[in-house]
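Residue strings, one per chain:
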Amino acid sequence: MCKNNSFDIENEMSIEKAYNIWANQYDTNKNLTRDLDKRSTIETLSKYKFETVLELGCGTGKNTKWLLEKATHIIGLDFSQEMLNKAKEKIFDERVTFKKADLNENWDVDTDSLELVSCSLTLEHIKNLNHIFYQASLKLKEDGLFFISELHPFKQYSGSKARYETENGTEELEVYIHHISEYIENAKTNGMELVELKEWFDEGVENEIPRLISFVFKK
Ligand SMILES: C[S@@+](CC[C@H](N)C(=O)[O-])C[C@H]1O[C@@H](n2cnc3c(N)ncnc32)[C@H](O)[C@@H]1O
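So, how was this worked out
Residues numbered from 1 in each chain as written. Predicted model: local features only at pLDDT ≥ 70, side-chain atom pairs only at ≥ 80, totals over all residues. Heavy atoms only, no water. Disulfide = S-S within 2.5 Å. Buried < 20%, exposed > 50% of the residue type's maximum accessible area, 1.4 Å probe, protein only. Phe/Tyr/Trp six-rings, centres within 6.5 Å; stacked < 30°, edge-to-face > 60°. Helix = DSSP H or I, 4+ residues; strand = E, 2+ residues; numbered from the N terminus. Salt bridge = Lys/Arg side-chain N within 4 Å of Asp/Glu carboxyl O. Near = heavy atom within 4 Å. Polar contact = N/O pair within 3.5 Å; in protein donor to acceptor, adjacent residues only side chain to side chain. Areas by Shrake-Rupley, 256 points an atom, 1.4 Å probe, with all protein chains shown as cover.

K.L.:
An account of the state of the cysteines is needed here, citing residue identities and associated values.
P.N.:
Taken as a whole and judged by the stated rule, the model has zero disulfides. With no disulfide partner, cysteine 119 has as its closest neighbouring cysteine sulfur the one in cysteine 58, 10 Å distant. Under the relative-accessibility criterion, cysteine 119 is labelled buried at 0%.

Here you go:
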């Protein structure tokens, strides 16, 4: 477990609370980041073969639905019960298990032979990237893939954060910035190599700051 101090614990509780509120509108509000992530996930992962998948921060199951087109078994972890409830309303499939879990703890997933760990738009809420790479390396088989798609750190440097609308205005979540080198170093420390890295832009604005970054690492 890697919650270091009372600020981290409080921050984590407020993130969980925020997603429990956000869940109602997560799938329907205008959200360029969510929509671009769907594209980055599909375009990247279409190229690879996988059957057994662990999805980190699966949320309302936006990507779970697509992953099911290729996978025979998916475990989705998330600590927001309301986000998971939305996922369960949408996806009734015996190949999928949704579990309430905090990714900052040791992952209660009883396998070391997954073909894919997939994580979208979640790591900005996690302070300790090394913990995530370490847990992923424990759960992946040799040659297994770790796909990450996140808000680009350049976008974060310019102040962009996960946010949602409430009746009292826009709520912004406290986030952690992870530099590109941090992803690559943590992967290396945990025995993974970089297979691909791509930057994703809003349509028609390829000269501006990229919105997302995606990585595929191989154990
Ligand atoms: C922006 S949503 C992304 C959901 C989904 N992956 C997608 O792309 O639509 C981030 C998700 O990460 C989850 N999350 C954030 N921190 C977490 C943690 N420490 N443990 C488990 N889930 C977490 C939130 O509850 C939320 O569902």
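K.L.:
How would you summarise the packing of aromatic side chains if you had to cite specific residues and measurements?
P.N.:
Counted under the stated rule, the structure contains seven aromatic pairs. Centre to centre, the rings of tryptophan 22 and tyrosine 26 are 5.3 Å apart; their planes meet at 65°, and the pair counts as edge-to-face. Residue tryptophan 22 and its partner tyrosine 26 are located together in helix α1 (residues 6–26), separated by four residues, close to a single helical turn. The pair tryptophan 22 / tyrosine 26 is uniform in exposure class, with both members buried. Taken together, a centroid distance of 5.1 Å and an interplanar angle of 70° make the contact between phenylalanine 133 and phenylalanine 146 edge-to-face. You can see phenylalanine 133 sitting in helix α5 (residues 129–139) and its partner phenylalanine 146 sitting in strand β5 (residues 140–151), a full 13 residues away along the chain. Note on accessibility: phenylalanine 133 and phenylalanine 146 belong to one class, buried.

K.L.:
Which residues make up the pattern of salt bridges, and what values go with them?
P.N.:
Enumeration over the complete set of coordinates arrives at nine salt bridges. Across the pair arginine 34 and aspartate 35 runs a salt bridge whose closest N-O atoms are separated by 2.9 Å. Of the residues examined, aspartate 35 reaches a relative accessible area of 43% and is grouped as partly exposed. Across the salt bridge formed by aspartate 93 and arginine 95, the nearest N and O atoms sit 2.8 Å from each other. Residue aspartate 93 is classed as partly exposed on the basis of its relative accessible area, which comes to 25%. A residue is classified by how much of its surface remains accessible, and arginine 95, at 30% relative accessible area, is partly exposed.

K.L.:
Quick one: what's the story with the site of the ligand, residue by residue and with numbers?
P.N.:
If you check the shell around the ligand, you find 21 residues, and the closest are Tyr26, Gly57, Lys62, Asp78 and Leu103. Between the ligand and serine 120 there is a distance of 3.0 Å, counted from a nitrogen atom to a backbone nitrogen or oxygen. Between the ligand and threonine 122, the relevant distance is 3.3 Å, taken from an oxygen atom to a side-chain nitrogen or oxygen of the residue. About the coverage of the ligand: the protein hides 99% of its 600 Å² of free accessible area.

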